[in-house]
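Close look at the chain arrangement
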Amino acid sequence: MTIKLIAIDLDGTVVDHDLSISPLVIEGLQKAQRDYGCKVIIATGRMFPSTIQFADRIENSNPIISYQGAMIRHKLEEKPMFHQGIDLSTARELISVIQDNNYHTNLYIDDVLYTNFMNEKAWYYKSLTGVTPVHQPDLLEVLTKDPSKIMIIDEDCDAVMANLKSQFEGRIHICISRKDFCEIVHPDISKWVAIEELLKLWNINASEVMAIGDQDNDIAMIEGAGIGVAMGNAPQHIKDRANFVTKSIKEDGVLHALNEFIFV
């Protein structure tokens, strides 16, 4: 099978907890593009502005998939190639419920991050993304257009998801990107949906895609790709969905997958 496109998650896959990227992984991704003609694309839950530094580090100039697939945007372009936000009426109802539950919430509109609480969770998120949130105690005041994403930071994401799914079934898609990050997007959005937009643009088949990830928000692309790869540090239920389980991020798992399927 010839792989023409490699879709990579960032956090836990390419980017470690200290925000470092292994030089060997960088070298491998560059080699895949330079010597084997593969397109490499970033597919992340991060907001678009916080992805650019990582695209630069791996010297990647392809469009970036951000907000769990809600946006495709080239770092040199002002406007997205693709954007599908949460319906405004649903978003406003959702934020009302969220605020009634006193959840710590991030709201993403036009690449601006708003948060209802400026506390240790807000500063922790800033340390991960490099983006300073705008403090907005009542998020409804700035919610005047379809948001790209809404995220709740909570130690019990399973309970948060169960609560919201029961009230918004079919109107939102909820997934976990870290153990305490509960991410909400349009019901028809996933990383794989965004990847399919690029496949149409570049005339590439799904069978010619390798997708690598480590969390629930990566399941759609792992299952959709011709070769779906789970990181060695992924939970077991992610590994069970994959065609191949590579090594952990600490062991340069992305490079191991490239060696297995590309550099052969």
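The rules behind each value
- Counting from 1, residues in each chain are numbered in the order their sequence is written.
- This being a predicted model, a pLDDT of at least 70 is required before a residue's local features are given, and a value of 80 or more before pairs of side-chain atoms are given or counted; all residues contribute to the totals for chains, interfaces and linings.
- Note that water and hydrogens are dropped before the side-chain values are worked out from all heavy atoms of the structure.
- In plain words, nonpolar cores are sets of buried Ala, Val, Leu, Ile, Met, Phe, Trp, Tyr and Cys residues tied together by side-chain atoms within 4.5 Å.
- Exposed residues in this analysis have more than 50% of their type's maximum accessible area, buried residues have under 20%, and partly exposed residues fall in between, with area computed by a 1.4 Å probe over protein chains only.
- In DSSP terms, a helix is any run of H or I states spanning at least four residues, a strand is any run of E spanning at least two, and both are numbered starting from the N terminus.
- A contact between two residues is defined here by any heavy atoms of the two lying within 4.5 Å.
- Two strands form a pair only when DSSP identifies at least two bridges running between them.
- Every axis corresponds to a line fitted to the C-alpha atoms, with the helix fit spanning only the stretch in contact, and the corresponding angles, defined between N-to-C directions, vary from 0 to 180 degrees.
- Each angle receives one of four descriptions, namely roughly parallel if under 35 degrees, roughly antiparallel if over 145, roughly perpendicular if within 65 to 115, and oblique otherwise.
- With the far helix as reference, a near helix turned anticlockwise by less than a right angle produces a left-handed crossing, and one turned clockwise produces a right-handed crossing.
- Lys, Arg, Asp and Glu make up the charged group, whereas Ala, Val, Leu, Ile, Met, Phe, Trp, Tyr, Cys and Pro make up the nonpolar group; the residues left over, Gly among them, are polar.

With that settled, the discussion passes to the nonpolar core. What tends to happen in soluble globular proteins is that the nonpolar side chains get buried as a cluster. Ile6, Ile8, Met210, Ile212 and Ile262 are the most contacted members of the largest nonpolar core, which totals 64 residues. Ranked by the residues each element gives to this core, the list is headed by helix α6 (residues 191-202), at five residues. Beyond its immediate stretch of four places on either side in the chain, Ile6 contacts Ala32, Cys38, Lys39, Val40, Ile41, Met210, Ile212, Leu258 and Ile262. Of all hydrophobic cores here, the second largest spans 25 residues; its members include Ile95, Ile109, Ile150 and Ile184.

Ordered by their spatial adjacency, six strands build an open sheet running β8-β7-β6-β9-β11-β10, and the pairing between neighbours is mixed. What marks the edges here is a single partner per strand, and that holds for β8 (134-135) and β10 (173-178). In terms of strand pairing, β10 meets strand β11 (residues 181-185) through five bridges, oriented antiparallel. By the bridge assignment, Arg178 is partnered in β11 with Phe181. Relative to strand β9 (residues 149-153), helix α3 (residues 88-100) is tilted by about 10°, and along the sheet it contacts β6 (104-109), β9 and β11. Running at roughly 170° to β10, helix α5 (residues 157-168) makes contact with β9, β10 and β11 of the sheet.

Attention shifts here to helix α9 (residues 253-261). The periodicity of an α-helix, 3.6 residues per turn, causes residues three or four places apart in sequence to face the same way. Those residues of α9 lying buried are Gly253, Val254, Leu255, Ala257 and Leu258. Lining the buried residues of α9 we find β1 (5-8), α1 (23-36), β12 (209-213), β13 (227-230) and β14 (244-245).

Interaxial distance between α3 and α5 falls to 12 Å at its minimum, and their mutual angle equals 140°. Between α3 and α5, the interaxial angle falls into the category oblique. Handedness of the α3/α5 crossing: right-handed. Along its contact with α3, which presents Thr90, Glu93, Leu94 and Val97, the element α5 presents Leu164, Gln167 and Phe168. Looking at the contact of α3 with α5 residue by residue, the class counts come to four nonpolar, two polar and one charged.

This is a description of form; function is not addressed.
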